[in-house]
Number of protein chains: 2
Amino acid sequence: MVPNSVNPDLQKERDGASFNREEFASWWAGGAESLKFKRDVKEYMLKGLNHADHALLYYKSHEEICDFSVRTAIETGKRLRRLQEERNPGGDEYWPELYASPEVWAATPAGNPFGVQYVMLVKALKAQCTPEQYEEFGKRVERFEVCATYAQTELGHGTYLRGLETRADYDRQADEFVLNTPKISSYKWWPGGLGHCSNHCLLVAQLYIDNQPKGIHMFYVQVRDENTHEPLPGVHIGEIGKKMGFIGVNNGFLGVKNVRIPRTRMLMRHAQVKADGTYVKSPADVLTYFAMVHTRCIIARNNALFLAMAATIATRYAAVRRQSPINPKAPEPQIIDHVTQQLKVFPEIASSLAYHLASNNLWGLYSVTINDIARGKYERLPELHSLSCALKVLCSTDSSLGIERLRLACGGHGYLTSANLSNLYISATAACTYEGENTVLLLQIGRFLMKSWRAALAGAPLAPTVNYLADGVRNAEFGAWTGSWENLVDAMKFVAANKTRLAYKSLTNRLEKGETEEEAANHTGIELIQAAELHGRAFVFGSFVSEVTGAKSKTRSASLNAVLELLLELYLIHVTLKQMSDILRFINLSDADLSKLQERLETTLTKLRPEAVAIVDGFDFTDQQLSSTLGSFDGNAYEHIFEAAMNSPMNQKSVPKFFHEHLGPFMKSNI
Amino acid sequence: MVPNSVNPDLQKERDGASFNREEFASWWAGGAESLKFKRDVKEYMLKGLNHADHALLYYKSHEEICDFSVRTAIETGKRLRRLQEERNPGGDEYWPELYASPEVWAATPAGNPFGVQYVMLVKALKAQCTPEQYEEFGKRVERFEVCATYAQTELGHGTYLRGLETRADYDRQADEFVLNTPKISSYKWWPGGLGHCSNHCLLVAQLYIDNQPKGIHMFYVQVRDENTHEPLPGVHIGEIGKKMGFIGVNNGFLGVKNVRIPRTRMLMRHAQVKADGTYVKSPADVLTYFAMVHTRCIIARNNALFLAMAATIATRYAAVRRQSPINPKAPEPQIIDHVTQQLKVFPEIASSLAYHLASNNLWGLYSVTINDIARGKYERLPELHSLSCALKVLCSTDSSLGIERLRLACGGHGYLTSANLSNLYISATAACTYEGENTVLLLQIGRFLMKSWRAALAGAPLAPTVNYLADGVRNAEFGAWTGSWENLVDAMKFVAANKTRLAYKSLTNRLEKGETEEEAANHTGIELIQAAELHGRAFVFGSFVSEVTGAKSKTRSASLNAVLELLLELYLIHVTLKQMSDILRFINLSDADLSKLQERLETTLTKLRPEAVAIVDGFDFTDQQLSSTLGSFDGNAYEHIFEAAMNSPMNQKSVPKFFHEHLGPFMKSNI
C-alpha cells in the first residue's frame, strides 16, 4: 500500500537545497568518523527488529508493555554485546557504553528498565566504592549478574536531597546498618527499574551514628532473592503505576523495615564509618559536582535530539501536506509555504542546533578545567555547575515547548500516536523535573548570580562566564544598538546583568527591612529566576555565534557555512524578539530597529524555506529512530498513517464484541 | 490506608480564607439554583460507579478500553434517561441534554463515543433536515435507535473545508447520489464514534450535478447493517488507531466506493436538489455562523473548566506538599509558600475565571443579536464570529499551556497518570486543533481586522467590539499610563490597534509592490496573527473588568468582591507583563512604572496566598470529577498516590512472568 518511491514534493526539496547534506550530517555528528560509527551502530542494532510487534506497542495492556520492555531491553543488551565481541573483543565502546544511547533508543521503544543500571549505577559504584567493594559487588552489577538501580527520590522528597527521610542507623554490636523508611513519605519512589527489574539497589539514606545525623550516604542493598526474585524480608517493593511516559521503565517504590546490611555495604571510597562507629567525612564533594555537570550536559544533548527529531518530522510533513490556497488559482500549496508555518517549524530546527552546540561548548569548558581539578583547583566548579543547570533548564523547557509547537504545526494528525510527536514531548518534558526540578535550579543559579554581583560590586575578580556582570556594574548604558550577532549577544548579557542588578537591589532592600537572607531570597524569587534564565540565554547565544563564526568555520564549505549562518541569524532574532520586553526596559531601540528585526525574521524564514528539508535530513535520523508516520524519509505520510491505523487490533474484526454485548441491545431497547 | 480525615494543612487553609466558599461556588455556577442543579446531577450520576474498574482504565489494552468506553457511555445514557423520567418525564434537560456535559464526564472517563451524536449530530439534523426528513431518520438518531456521527474531516483536509474531496454525484436516472472517496486523502478521518460505534453518519461531501461542483453539502448515509453491524457494500470503515487522548472515543475512518443513497438523503432544509437535477442554493449561511459561534463558546467554557480542574489539583497539592526550607530553622514549608510556586499556580486560577467570564460575555452578546438576526440583520455576525474564534484560540492555547505549567508545578508526581493532569492537558490541547485550527483562525481574525482598519481609515462606522480601532486611527499617543484596570484594558486595545496598524502598513506595502492580496496576506501572516491575538486579549480583559466592577458586583458580598478583585488584578498584571514587549513599543512606561507592576504582582500573590484553596474549592469539583490523587478534597495526596500504585496489575504478583522467561535466565547466562 505504501509506495516504494519518495513523495515528489519531498524529492523536489532535496534536489533544491544549496548545500551538501552529507557535509551537514558529518558536522552535526562531530566529524565523518563519528557519523560512520553511529550509522554502523544503527544499522547493526536496528536491523531485523520485530516491527509488527513494535507497531502494536501502544495497543497493549500495561502488563504486556512491561513484558515487552524487558524482552526488548535484554535483546538489545545481547545484540550490543555481540557487536562488541565482533568489533573489539574486551572493549566497552559498544557494550555497555551504548546501552541507553540515542543510537539504540529505537530498539527499546517502551524504554529501558535497565538504563539506570548502566547510565548511572555502574558509574556511581565505580566512583564511590573502595576497590575491594567494587571487586565484591560492583563488578557483579557491571556484568549484569544482578540487576540494580539507584534509589534516591522519595514519595515526599525529590530535588531537595537533604530532606530525604530514609535512614541507615549504625548498629555497632552487629557491625551492621539498620535501614528504615519510617513514614509513607519516606518510601523510595520513581527509580527506573526498581519495581520488578532489580534485585539490588543503591539506597540513598541519612546516615545516623548513635542517633546523630551524618548526612546523606549510599548503601548497596539486596532487595530480592537472586534465584526466586521474591522480595526479601522487610522489603516492600513494587511499581508506582502508570505515568505519562516511560511506559516500560518499571519505575518502582521501596519501603524497608529494619532491613540489615553489613557495614561494608556503605560505599566508603570517600566518607567512611569504622567498625567502632567513628565517622570519617568525605574530603570534598567535587565528584558529585562532576557527575551532575556530566548528567546535565547529557540531558541537554538528548533533549536537543528530541527536538531535532520532532523538527525532522514536522518539516517533512510540512513539505508533503498541501492545504489552504495562497493563490486561489493555483493548487493548494505545501504548507511549508505558509509563512506562519515556517515560523512554527524553522526556529525549532535552529533551537536544536543552539542547544546541541551549547552542550558541546559546556562540555569542552568542563574538560578544560578537569586539569585544574586534578591540581586541586576547584574555583571554576560553581560557575560551570551553574551553567550546566541553566543549560538543563533552558533546553528541557524550550525543547518541550518546541516539540509541542511542532506537534500542533502538524494539525490533527500530530495528535496520532503513530506520529510519535506526543512521545517525544513526554520524553522531553520529563527532563524539566528529573535531575533537579527546573525552578529549584533557576533559584540556585539566581543565588550564584547574587554572589557574583556582590563580588563584582566589591571589585573582586569574576569567573569568565559571569565576567559580563562586572561590565554591568560599570556601565549603565548599553551603547549603540547595531543588531549584529555580536551586538545581540552583548544585548542578552547586558539585559542579564541588569536583571541581576534589579534582583540584587530587591534582595538588598528586603534584607535592609530585616528579612532573613532566606526570606528575602524567597520574596525575590521571581526576579531571581528571570535573571537566571537570561544568564543561560546569553551563554547559548555565545556558543552558537562562536561555533558559526569562529575558527572552525574555515574547515567547512562556504555553502554549509551559509546555511549555518541562516540558522544562527534565525535563532538570535527569534529569541531576541521573544525577550524584547526585557531588552526594551534596558536598551533603547527605535521603531526602525524593531521593524528591522521583524524584517530580518521574515527574510531569514524565506531564505531557509528551500533548505529546511535538507537540513533535517542532515540530522541523519533513520525511519526507525523517528518512528513517525508523518516524518518518514519517503514522505508518504497518508499511506503510512493509513497503514498504522490498519494495524489496530480493533480493525482486525469487522464487528466488535461490544456491539453484541452492549450497543446492539441498547439500540433495540428504546432505552 | 487513606485516612478518613482531611489533611490538617488543607483544613487550615480552608479555615483561614476571608470569604464564603459557598457564595463563590454559587457565583461561579451562575446562581444558587444552577449550583444546586449541577450538584444534584453529579450526585445522581456519579453515585455507585464502579471505581475499581475505573481505576484500572489506563492499565487496559486498547480493545479493553474501547469496550469500557462503550459500556460506560451506555450506562450513563440509561442513567440519565432514568433521571429524566424521575424528575421531569418527557422533558430533555437531563437526557439527552447533559449526555456529554461536564457534570457527567466522570462517568465516562475514557470518553464518550456517542458524544458527537448528541453534541453535534442531532442539532445538525434538526437545523438542516426538512421536517419530513427529520421525521423519517432524524428522530431515529435522537431516540438512539441508530447510532450516528458527523463525518467531515478527511485524511487530506481539516479546517480548510472547501478542499474536501469526498464527492456526491447526482444520478438523475436513479434519483440517487453516488458517493465516492476517490483518493486515499479523501477518506473521512477522525470523526468520533465512526470506527465501530456508528451505523449511520452525516457525510459532508462536494455535491456534483452533471459533473458541475455545487459546493459542500450534507448527506445522511447508512454505513453498517442495523442488525449485524457489518459494513455495507462499498463501505470501508474502521478506527484510526491510538491517539494522545480520546482513548475510548473510537475516532474512525470511512471510505466509500459507489455507495448509492436516495436523493432525499441529502439534507434539504436550505439548499436542495430537485428530481430533475435542478439545484436550489441555500438562502444564507447564517446558521453555519450561528453553530460555529455556539461551538466555540462551548470550547472556551470547557477549556476554562479543564484549567480550573488542573488549578484545583495543583493548589491543593501545593498546600499539602512540604519541601525545601525557606527558614532553615523551621520545618519545610508548604510549597504554596514559595513565591515562585505562587507565580505558577495563582495566575492559572485567575485565567480560568477570565475565560469563563469571556465565554459568558460573548454568549450574552450573541444572544442579544439573535433578535437582530431574526429581523434579517446580520451585520454583527462577522464581528462576533471573529471574537468567538479569538476566544477559542486564546482559551485553548492558554489553558493547555496553563495546565502544563500546573502539572510541572506538581513536580515528579504531576507526571503520574493518577494525578490526572496529563489527561486534562491532552483534552485541552486537542481544542487547539479541532473546530478550526488555531493559526488558521487567527489569520481569519487578522483579515477581519484588516477590513475593519480599512473601514476605520475611511471613517466608516465600526462594529462595537472593534470600535477601538477607530481610536487607534485617530490617536498616535496613548495618553497617561496610570496602571488602573481601565487603563490596562485601554493599553491592550491601544496595542492591538497599533499592531493592526503595522500589519496593515506591511500588507499595503506588499500590495503596492505588486503582490496579490493573498500573497501579501501570507507574507504578513506573522503580524496578522499577533494583531489577532491582542484583539482577543483586549476582549478578555474587558469582560473580566466589567464582571468584577460592573453592576453585578452589588449583588455580591464585599468579601467575595474583594477576592474577585484580587484575581482580576493578578490576571491583568500578569498578562500585561507577558505582553510587555508589545506595550513598550507603543506606550512609554518609566522604569518606576515597570517596577510598580512587578511590585503589584508580588503583592497580589501574597494577598491571594490565604485565599487560594478556598477559591478552588469554590469551583465545586467533586473528587470523582477531578479523579486526581494529588487534588482530592481530603488532601491526603501521598496515601492516594500509594493506593493508586497498589492497584496496578503488576503489583498483584510479587514476581512477574518476565523474570522467569527473560530476566532470570539472562542474568545467569553471563550474557
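Residues numbered from 1 in each chain as written. Chains lettered and ligands numbered in written order. Predicted model: local features only at pLDDT ≥ 70, side-chain atom pairs only at ≥ 80, totals over all residues. Heavy atoms only, no water.

1. So, the nonpolar core
Okay, so step 1: Ranked by size, the top nonpolar core spans 296 residues in total, and within it F24(A), W189(A), F24(B) and W189(B) carry the most contacts.
Okay, so step 2: Looking at this core, you find at least three residues from each of domain 1 (116–283) and domain 2 (461–610) of chain B.
Okay, so step 3: With residues up to four places along the chain from it excluded, the contact list for W189(A) reads T153(A), E154(A), L155(A), I240(A), G252(A), F253(A), H413(B), L416(B), I641(B), F642(B) and A645(B). (Core = buried A, V, L, I, M, F, W, Y, C linked by side-chain atoms within 4.5 Å. Buried < 20%, exposed > 50% of the residue type's maximum accessible area, 1.4 Å probe, protein only. Domains from an automatic or database assignment. Contact = heavy atoms within 4.5 Å.)

2. Some remarks on the interface of chain B and chain A
Okay, so step 1: Listed as interface residues are 134 residues of chain B and, on the opposing side, 135 residues of chain A.
Okay, so step 2: Roughly 11,600 Å² is buried in total at the junction of chain B and chain A, and carbon and sulfur atoms are behind 64% of that figure.
Okay, so step 3: Note that R510(B) is salt-bridged to E602(A), the shortest N-O span being 2.8 Å.
Okay, so step 4: Counting across the interface, chain B meets chain A through 59 residue pairs in polar contact (both at pLDDT 80 or more).
Okay, so step 5: Sorting elements by how many residues they give to the side of chain B that touches chain A places helix α5 (residues 62–87) of chain B first, with nine residues.
Okay, so step 6: Class assignment of the residues belonging to the side of chain B that touches chain A gives a composition of 59 nonpolar, 41 polar and 34 charged. (Buried area = accessible area lost by both parts, 1.4 Å probe. Salt bridge = Lys/Arg side-chain N within 4 Å of Asp/Glu carboxyl O. Polar contact = N/O pair within 3.5 Å; in protein donor to acceptor, adjacent residues only side chain to side chain. Helix = DSSP H or I, 4+ residues; strand = E, 2+ residues; numbered from the N terminus. Nonpolar A, V, L, I, M, F, W, Y, C, P; charged D, E, K, R; others polar.)

3. Considerations on the packing of aromatic side chains
Okay, so step 1: Summed over all chains, the structure comprises 59 aromatic pairs over all chains.
Okay, so step 2: A centroid spacing of 6.0 Å and a plane angle of 65° characterise the contact between Y415(A) and F246(B), whose relative ring orientation is edge-to-face. Of this pair, Y415(A) sits in the loop between α10 (381–409) and α11 (421–430) while F246(B) is found in the loop between β7 (235–239) and β8 (252–262), placing the two residues in two different chains.
Okay, so step 3: A relative accessible area of 6% places Y415(A) in the buried class.
Okay, so step 4: For the ring pair Y170(B) and F177(B), a centre distance of 5.4 Å and an interplane angle of 55° mean the geometry is tilted. As far as the burial class goes, Y170(B) and F177(B) line up, both buried.
Okay, so step 5: Taking NZ or CZ as reference, R167(A) lies 3.6 Å from the ring centre of Y208(A), over its face.
Okay, so step 6: Seen from the ring of F633(B), R14(B) lies directly overhead, with NZ or CZ sitting 3.6 Å from the centre. (Phe/Tyr/Trp six-rings, centres within 6.5 Å; stacked < 30°, edge-to-face > 60°. Lys NZ or Arg CZ within 6 Å of the ring centre and 35° of its normal.)

4. Here's the deal with the relation of the copies chain B and chain A
Okay, so step 1: Between chain B and chain A, the superposition needs a rotation of 180° and an axial shift of 0.0 Å, giving an RMSD of 0.0 Å. Such a combination of rotation and displacement between the chain copies is what one expects of a two-fold axis.
Okay, so step 2: When the interface residues of chain B are mapped onto chain A, 100% of them are again interface residues, pointing to one common binding face. (Least-squares fit on C-alpha atoms with pLDDT ≥ 70 in both.)

5. What to know about the side chain of T72(A)
Residue and element names in this part refer to chain A.
Okay, so step 1: Along the chain, T72 turns up in helix α5 (residues 62–87).
Okay, so step 2: The class for T72 is buried, based on a relative accessible area of 3%.
Okay, so step 3: Ignoring sequence-local partners within four residues, the contact set of T72 consists of H54, A107 and T108.

6. A closer look at helix α6 (residues 115–128) of chain B
It helps to recall that an α-helix has 3.6 residues per turn; residues three or four apart then point in one direction.
Residue and element names in this part refer to chain B.
Okay, so step 1: Spanning 14 residues, α6 covers 19 Å between terminal C-alpha atoms, matching the ideal 20 Å at 1.5 Å per step.
Okay, so step 2: Along its length, α6 shows its largest kink, about 35°, at L121.
Okay, so step 3: Burial in α6 covers these residues: G115, Q117, Y118, L121, V122, A124, L125 and Q128.
Okay, so step 4: Where α6 is buried, its residues contact α7 (131–142), β1 (148–151), β5 (200–209) and β6 (212–222). (Expected span 1.5 Å × (residues − 1). Bend = angle between axes of the 7 residues up to and from the residue.)

7. Looking at the UniProt feature "domain: Acyl-coenzyme A oxidase N-terminal" (unreviewed entry) in chain A
Okay, so step 1: The UniProt record annotates "domain: Acyl-coenzyme A oxidase N-terminal" (unreviewed entry) at residues 20–146 of chain A.
Okay, so step 2: Helix makes up 64% of residues 20–146 of chain A and strand 0%, whereas the separation of the span's terminal C-alpha atoms amounts to 48 Å. (UniProt positions renumbered as here; feature names shortened; annotations may be inferred.)

8. Points about the pairing of strand β3 (residues 176–180) of chain B
Residues and elements named next belong to chain B.
Okay, so step 1: With respect to burial, β3 is a largely interior element, four of its five residues being buried.
Okay, so step 2: Taken together, the five bridges between strand β2 (residues 167–171) and β3 define a ladder with antiparallel strand orientation. Paired with Y170 across the strands is F177, a residue of β3.
Okay, so step 3: Here β2 folds back onto β3, and the loop between the two strands holds four residues, one of which, D175, carries a positive phi near 55°.
Okay, so step 4: Relative to β8, β3 runs antiparallel, the two sharing five bridges. Of the residues in β8, the one forming a bridge with F177 is I261. (Pairing = 2+ DSSP bridges.)

9. Digging into empty space enclosed by the protein
All names here are of chain A.
Okay, so step 1: All chains considered together, the criterion is met by one cavity of 30 Å³ or more.
Okay, so step 2: A volume near 30 Å³ is recorded for the largest cavity.
Okay, so step 3: The greatest single-element share of the lining of the largest cavity, amounting to three residues, is contributed by helix α9 (residues 339–374).
Okay, so step 4: Considering only residue class, the lining of the largest cavity consists of three nonpolar, one polar and four charged. (1 Å grid on protein atoms, 1.4 Å probe; cavity = no way out; pocket = protein on both sides within 12 Å on 5 of 7 lines; lining within 4 Å. Points joined across faces, edges and corners; volume = space filled by probe spheres on them.)

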